Amino acid sequence: MPHHCSVNVITSFKLMSIQKINEYYKKIADVKRFSGTNKETSIRRYFAELISHYAEPKDLRLIDEFPIKNTSRIADGGLVTQSRFVLGYWEAKDLGDDLNKEIENKIKVGYPTFNILFENSQIAVLYQDGQRQECDIFDAKALHQLITLFINYESQEARNFRDALTKFTKDVPDIIHVLQNMMQNLEQENHTEFVQKRKDFHELCKVCINPNILLGDINEMIIQHILTED
């Protein structure tokens, strides 16, 4: 996608998101006006809808009442990938609660801080890898930034894997060259086991794939297998 198109898509999503945040403000105001209360149980589903707006374009889902791994605790929501990997948790609290004390108590009983969003409809607090950020929920731009960070979280393990994959991709031509030299040396040395097994594999490929398949093709297949085995 051209760079200017990417910028336009990001800008468009941000504008839609700010609109969704404003709709969230209206919904919780309506609940208070109609019922006289803004208790967590009455309004938390609207914040869940807001998170889902950010999550769905990335093929993520916010699942209600989600169990926290290795504990008996249940978070108000779990942010989950299609492969059922838990990317984070969301926890809503009452406006009348001492939010900092509630957060402290949750962490003490096992709520993880790798990526968890706490909110009480007035303040949002995000922990990522133990680092805390917070914002006034009624600052729409700040709230947009905080939820975006929550949704876009990437674990250290994922970052390490991505970096290793990038390095491996850059190293592939050198690795192929080394493997080609190794095979050539084994062939020149008439390494009995290697030569016989490659011959057996060549004959099998003639039967199963193409009777005209060449030995050079077999060498490429062996190298591809080595590169993709792990």
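Up top is the structure these notes are about.
Residues numbered from 1 in each chain as written. Predicted model: local features only at pLDDT ≥ 70, side-chain atom pairs only at ≥ 80, totals over all residues. Heavy atoms only, no water.

Q: I would appreciate a short explanation of a nonpolar patch on the surface in the present structure.
A: A cluster of nonpolar residues, Phe 161, Leu 165 and Phe 168, forms a patch on the protein surface that exposes about 310 Å² of accessible area. If you trace the backbone, Phe 168 turns up in helix H5 (residues 156-188). (Patch = residues over 30% accessible without salt bridge, like charges linked within 9 Å, V, L, I, M, F, W, Y side chains within 5 Å. Areas by Shrake-Rupley, 256 points an atom, 1.4 Å probe, with all protein chains shown as cover. Salt bridge = Lys/Arg side-chain N within 4 Å of Asp/Glu carboxyl O. Helix = DSSP H or I, 4+ residues; strand = E, 2+ residues; numbered from the N terminus.)

Q: Any chance you could explain the sheet that holds strand S4 (residues 115-119) here in plain terms?
A: Adjacent strands of a sheet form backbone hydrogen bonds with each other and so pair up, either parallel or antiparallel. If you trace the six strands from one edge of the open sheet to the other, you get S1-S2-S3-S4-S5-S6, paired in mixed fashion. In this open sheet, the two strands that pair with only one neighbour each are strand S1 (61-67) and strand S6 (131-136). In this sheet, adjacent strand axes meet at a mean angle of 25 degrees when their direction is disregarded. Alignment of strand S5 (residues 123-128) against S6, held across six bridges, turns out to be antiparallel. (Pairing = 2+ DSSP bridges. Axes fitted to C-alpha atoms, helices over the stretch in contact; angles between N-to-C directions.)

Q: Hey, could you run me through the packing of helix H6 (residues 192-208) against helix H7 (residues 215-228) in this one?
A: A pair of packed helices is captured by two measures, namely the crossing angle of their axes and the spacing between those axes. It is at 10 Å that the axes of H6 and H7 come closest, and there the two elements cross at 105 degrees. Classified by the angle their axes make, H6 and H7 are roughly perpendicular. For the pair formed by H6 and H7, the contact residues are Arg 198, Phe 201, His 202 and Cys 205 on the first element and Leu 215, Ile 218, Asn 219, Met 221 and Ile 222 on the second. Residues of the contact of H6 with H7, tallied by class, amount to six nonpolar, two polar and one charged. (Parallel < 35°, antiparallel > 145°, perpendicular 65-115°, else oblique. Contact = heavy atoms within 4.5 Å. Nonpolar A, V, L, I, M, F, W, Y, C, P; charged D, E, K, R; others polar.)

Q: Looking at this model, I keep getting lost on the packing of aromatic side chains. Mind explaining?
A: For any pair of aromatic rings, geometry is given as the distance between the ring centres together with the angle between the planes. The tally for this structure, following the rule as stated, stands at eight aromatic pairs. Between Tyr 89 and Phe 114 the ring centres are 6.1 Å apart and the planes differ by 75 degrees, which places this aromatic pair in the edge-to-face class. Taken together, the residues span a long stretch of sequence, with Tyr 89 in strand S3 (residues 86-92) and Phe 114 in the loop between helix H3 (99-108) and S4 at a distance of 25 residues. A relative accessible area of 3% places Tyr 89 in the buried class. Overall, the relative accessible area of 27% leaves Phe 114 in the partly exposed class. Cluster of aromatic residues (ring-pair linked, three or more members): Tyr 24, Tyr 25, Phe 47, Trp 90 and Phe 138. (Phe/Tyr/Trp six-rings, centres within 6.5 Å; stacked < 30°, edge-to-face > 60°. Buried < 20%, exposed > 50% of the residue type's maximum accessible area, 1.4 Å probe, protein only.)

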